[in-house]
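Listed here are the chains, written in short residue letters.
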Amino acid sequence: MITRLFGGECIDGVSKSEVRDLYLVQDKISSVSTDARLDAEYNLSNHIVVAGGIDLHTHIGGGKVNIARLLLPEMVRHGRSRLECTEREWQKIAPLSSPVPGTWETGRRYLEMGYTACFEPAVLPANARHAHAEMADTPWLDTGGYLLLGNDRLLLEWISKGAPQSQINDYVAWMIRAHQCCAVKVVNAGGIDAFKFNQRHLDVDEKHWHFSITPRQILKSLSHAVESLGLAHPLHVHCSNLGVAGNIASTMATIDAVEGRRLHLTHAQFHCFGTEGPHGYCSAAKALADRVNAESNLSIDVGQMQFGQTVTLSGDTMHQFANRKQARPRKTIFQDLECQAGCGVLPFQYRHDQYVHSLLWAIGLELFLRIEDPLRVFLTTDHPNGAPFTAYPHLIHLLMSYDFRMSVFERLHADVQSTSSLASLKREYSLDEIIKMTRLGPARALGLFDRGTLCDGGIADVVIYERCENPEHMFARPKMVFRRGTLVYRNGEFLATATKSTIVANVEIDAKMDVTLRKIWPIHYGYSSDLIRIHQDELLSDQRNIEFASRATKSVVIGK
Amino acid sequence: MICPFCSLLCDANDLNEIDCGLQNKSIVQLAKLRSQLDASFNESVTDTEMETAAAIELLKNAKRVLITGRVASVQTARAAVSLAMKVNGTIDCAEAGHVFKNVLAIQRSGIHSVSLAEARDHADLLIVIGGDALLDDCPRIPNSLNSENASPKTVLLLGTFTDKSTAAWTAAGFQPWSISCKIESVPTALTQWSRATLQFSPNRMTSQLFIAMDTAKYTAVLWSAASLRVEQTDLWVERLLHWIASQNETKRCAALPWTSLDGTFQQVCTWLTGFPGRIRFHDGNPSFDTFTNSYESWLARSCELESDSVVIVIDETAATDPFIAKMVFWLGRKFHVIELTSGSMRFPTAVAGAEVAADIFRADQTLLAHLSPSRECDKSRVRPAAYWLARLAP
């Protein structure tokens, strides 16, 4: 299958944006014209041609998503199909049928925005097979997961006993491989486990009551392991003190804890509060942005909040529990899970007239606007925690238009309007920067060197948007989406399914660690370690491939 | 592994090594059904093709379709939901009644819960509510909750437990303490006990109970809705969940609600459709109603329309109380029935996790295990339910 795309402006953040021909030869991109017979060609004048979008932090699989669905059946709006609605009505109801829709809707809606790969950022080890099975049922999207470590009692015990770093490295490698993940995530290092011991607070240099270790030790150890193993994605950290006034101090301490190693701070807007201001909360976005601008080992995703009803789901039971009285509607789920982590689910309404909510909105945008390099700040809403992922086009509009931003700013709580510096930030993102932030940046951050660009030899996940004055309209509905060279979506119609890939890290397992874990796993967990190991054959079922993320080389695909 | 009989983790490496007491009966049952099958079902390709074609024709002409039965594996749950969507059918599993006793309470009030390994490792007090039926259904619970490395835990047995249950917990290394009481009154009693003071305690037993509850650092509360004998179980569960939530204001306490193999269907259905089951599809969109979409309600409503209605009954478990018999009683053979079961004469279906590989959730629905078929089973003889469901799809 060879497709020629001509007349469109190709934007990929690598080469200069220009109108040029692009060929999709089988499942790869080529800029070289071919003598072979074309199967299709499209005149794309007045269109832009970009790579498929990549969401590196969205909760789309695993137990917590399912229990949020279980908790909130009343929030599912009995959907009308696209054909029953006018375009305007569809735009109105389009957000999602529920804050946590089923897998089919998730895949469909991501593809409808031009996204082709998504990453579940909190895969509990015990729950990894579930997460992969659920993501396998999310059509069209390539997927991967970040393994949740840093609250697993086995690791905490080893760190507390002064285990050598090599042992921690081998353990992390074994866990990554056994659970078929591509990165490591830490949520409130040690804090989830501390909450199981009824500890209600844990700062970066505070000791866990039971293990007598600090989050700093855990972060240092895990960031060291991630570097030693050569994982493409840096340690993905949800900092201590989520949403607590003054938590910028613990965010800075978290950065210090990794001692200059690469670090990714996730949903950073929730970790950017100072203590000044009319209600004991203020923005500390400038402090974090300055740090990110100055230190090239740092990257963040924002987790931008949008106003409205959603549901927050997090492994951080300690702070989810602390916020339980803010749940709307007032029902919550908290789980203590498998000596490995936890889970807290709170339905939540973000309101314009609530000071902290308004402040949060402004902080998120401040971070976007103050961080200079779009390859190190990523467009996320931490779906569904800040907002559903369908808010991305709206968010892009906010970033690209100062006037539009201010039109929303004027509706914020008066105290935020009077104290926020957002109005003074006149920066407007260019199209090129948006594409970098949503394609090239995440691809590089995840070690997917054949994605996120339109370079020769790249995977032919290509999206065509019709140019439009309003970027929200443009990014809400692409004209066409190609997955691996096949046209799967055109003008609102889904034309074909796509072979999906599961992206995993290619790490070697130390044989001694395998023997060790076979011996101690049943003692700690009550079952054999063989039970939780996910074999590649399992991932290769259901029209799936496996791809390896790599820091140094191009990703490798294993398929059927 | 996870036992495909009681959905609980076992130390056994193979189906034949499971020692929960249920499997021998089930394997015998299975063998008997298989021999009946061999005697009366000519498993030629032609016959199967004819049966399939007839079933597809039935479905094509049906105005109302119900898919029900015992779905144990992720693979079959996916196929069942997919078929229900394609035929605009209703889907509700056989044991959903028990599952929804907990689900309804959680949907109203939320829950603080704990998984099996966490409770095993961390809880220093276990409160078990119910009666002997709990261990009749899941005999391995005490062993699964006992950690060899931990010191003996106190287990409070509240309800109608006899010496038989006490002995089982003792044998598993626990220090059981049984208090006979009405199960209905347990949530109220726990609330009263935790509000009272030690000085208030009128007798030695209550005093001991106070001490056990007061000194516990992490309490896990276990019940199985399937083996509870109380009216309005969902309301009972909700009151218990309120008590557990209140405990967490100052200490740690969590629920360990036990489910059967139907937990697997509930999980898969939730991620595919957004709802935990009891759904009806219309134009591909699911609608959820715990009453209207129950299989009992569907059958009652459909009595007048039996000729237009088709019921697909799945049973891929090795359960000893055949769901089919219950269904036949219900149906009275009024409806067109397509049976996908291990004991059926129509589409012989493998037992998930025993005769075919399957992904099955553990009973606390945290861990999803990939189970390989038993070495002893003849895997070539039968096909998974998911295969037949895919064949029937229009």
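Residues numbered from 1 in each chain as written. Chains lettered and ligands numbered in written order. Predicted model: local features only at pLDDT ≥ 70, side-chain atom pairs only at ≥ 80, totals over all residues. Heavy atoms only, no water.

(A) Quick peek at the overall build of chain A. The secondary structure content of chain A amounts to 19 helices and 27 strands. Taking all 560 residues of chain A together, 67% fall into the buried category. In chain A, the share of contacts with a sequence separation of at least 24, taken over all contacts with a separation of at least 6, comes to 75%. (Helix = DSSP H or I, 4+ residues; strand = E, 2+ residues; numbered from the N terminus. Buried < 20%, exposed > 50% of the residue type's maximum accessible area, 1.4 Å probe, protein only. Contact = heavy atoms within 4.5 Å.)

(B) Examining helix H12 (residues 262-273) of chain B more closely. Residues and elements named next belong to chain B. Helix length check: H12, at twelve residues, gives a terminal C-alpha distance of 16 Å against a target of 16 Å (1.5 Å per residue), a fit within 8%. For H12, a buried count of twelve out of twelve residues is recorded, marking the element as mostly surrounded by other parts of the structure. Backbone geometry just after H12 places glycine 274 at a positive phi near 90°. (Expected span 1.5 Å × (residues − 1).)

(C) Molecular detail of the interface of chain A and chain B. Residue-level contacts link 48 residues of chain A with 52 residues of chain B. Between chain A and chain B lies a buried interface of about 4000 Å² when both sides are counted; carbon and sulfur atoms form 51% of it. There are 34 residue pairs in polar contact (both at pLDDT 80 or more) connecting chain A and chain B. Those elements giving two or more residues to the side of chain A that touches chain B turn out to be helix H1 (63-71), helix H4 (128-136), helix H7 (191-196), strand E18 (332-337) and helix H18 (511-525) of chain A. (Buried area = accessible area lost by both parts, 1.4 Å probe. Polar contact = N/O pair within 3.5 Å; in protein donor to acceptor, adjacent residues only side chain to side chain.)

(D) How the structure looks around the environment of alanine 385 of chain B. Residues and elements named next belong to chain B. Position of alanine 385 among the secondary structure elements: in helix H15 (residues 385-392). On the basis of relative accessibility, which here comes to 0%, the residue alanine 385 falls in the buried class. When sequence neighbours within four positions are dropped, the list of residues in contact with alanine 385 reads Thr76, Ile314, Glu316, Leu340 and Thr349.

(E) The environment of glycine 485 of chain A, seen in detail. All names here are of chain A. In this fold, glycine 485 is placed in the loop between strand E22 (480-483) and strand E23 (486-490). By relative accessible area, glycine 485 is classed as buried at 1%. Separated by 457 residues in the primary sequence, glycine 485 and lysine 28 have C-alpha atoms spaced 6.6 Å apart.

(F) Inspection of the packing of helix H9 (residues 248-257) of chain A against helix H10 (residues 285-294) of chain A at higher detail. Residue and element names in this part refer to chain A. Remark: H9 packs on H10, axes separated minimally by 10 Å, with the N-to-C direction vectors making an angle of 15°. As the angle between them shows, H9 and H10 are arranged roughly parallel. Both H9 and H10 take part in a crossing whose hand is left-handed. Across from Ile248, Thr251, Met252, Ile255 and Asp256 in H9, the residues of H10 making contact are Ala287, Leu288 and Arg291. Of the residues assigned to the contact of H9 with H10, the class counts are five nonpolar, one polar and two charged. (Axes fitted to C-alpha atoms, helices over the stretch in contact; angles between N-to-C directions. Parallel < 35°, antiparallel > 145°, perpendicular 65-115°, else oblique. Left-handed = near helix turned anticlockwise from the far one by under 90°. Nonpolar A, V, L, I, M, F, W, Y, C, P; charged D, E, K, R; others polar.)

(G) Local environment of empty space enclosed by the protein. All names here are of chain A. Enumeration over the complete set of coordinates arrives at eight cavities of 30 Å³ or more. A volume near 560 Å³ is recorded for the largest cavity. Among the elements that take part in the lining of the largest cavity, H1 stands out by supplying five residues, more than any other. Of the voids in this model, the second largest cavity is the one considered here, and its volume is about 60 Å³. (1 Å grid on protein atoms, 1.4 Å probe; cavity = no way out; pocket = protein on both sides within 12 Å on 5 of 7 lines; lining within 4 Å. Points joined across faces, edges and corners; volume = space filled by probe spheres on them.)

(H) Molecular detail of the packing of aromatic side chains. Across all of its chains, the model carries 23 aromatic pairs over all chains by this definition. Put simply, the rings of Tyr110, Tyr115, Phe389 and Tyr392 of chain A touch in pairs and so form one group of aromatic residues. Stacked on the ring of phenylalanine 195 of chain A, the Lys or Arg arginine 252 of chain B has its end atom at 4.2 Å from the ring centre. (Phe/Tyr/Trp six-rings, centres within 6.5 Å; stacked < 30°, edge-to-face > 60°. Lys NZ or Arg CZ within 6 Å of the ring centre and 35° of its normal.)

(I) Expanded view of the nonpolar core. The biggest cluster of nonpolar side chains holds 233 residues, and the ones touching the most others in it are Tyr171, Trp361 and Phe368 of chain A together with Ile129, Trp223, Trp236 and Ile312 of chain B. Per-element tally for this core: the top contributor is helix H12 (residues 355-370) of chain A, with ten residues. What tryptophan 361 of chain A contacts, discounting residues up to four positions off in sequence, is Gln304, Met305, Gln306, Phe307, Leu398, Arg405, Val408, Phe409, Leu412 and Leu422 of chain A. Core analysis: the next-biggest nonpolar cluster, separate from the first, contains 24 residues, Leu145, Trp169, Tyr218 and Ala363 of chain B among them. (Core = buried A, V, L, I, M, F, W, Y, C linked by side-chain atoms within 4.5 Å.)

(J) Geometry of the sheet that holds strand E1 (residues 64-70) of chain B. Ordered in space as E10-E9-E2-E1-E11-E12-E13 (chain B), the seven strands form an open sheet in which the pairing is mixed. In this open sheet, the two strands that pair with only one neighbour each are strand E10 (285-288) and strand E13 (347-348) of chain B. (Pairing = 2+ DSSP bridges.)

(K) Seen up close, the sheet that holds strand E1 (residues 2-6) of chain A. Residue and element names in this part refer to chain A. Here four strands make up an open sheet; going across it, the order is E5-E4-E1-E6 and the pairing mixed. Both edges of this open sheet fall to strand E5 (28-30) and strand E6 (40-43), since each of them pairs with a single strand only. This sheet shows a mean twist of 20° between the axes of neighbouring strands, independent of strand direction. Note: strand E4 (residues 22-25) against E5, three bridges, orientation antiparallel. Bridging from a neighbouring strand, leucine 24 pairs with isoleucine 29 of E5.

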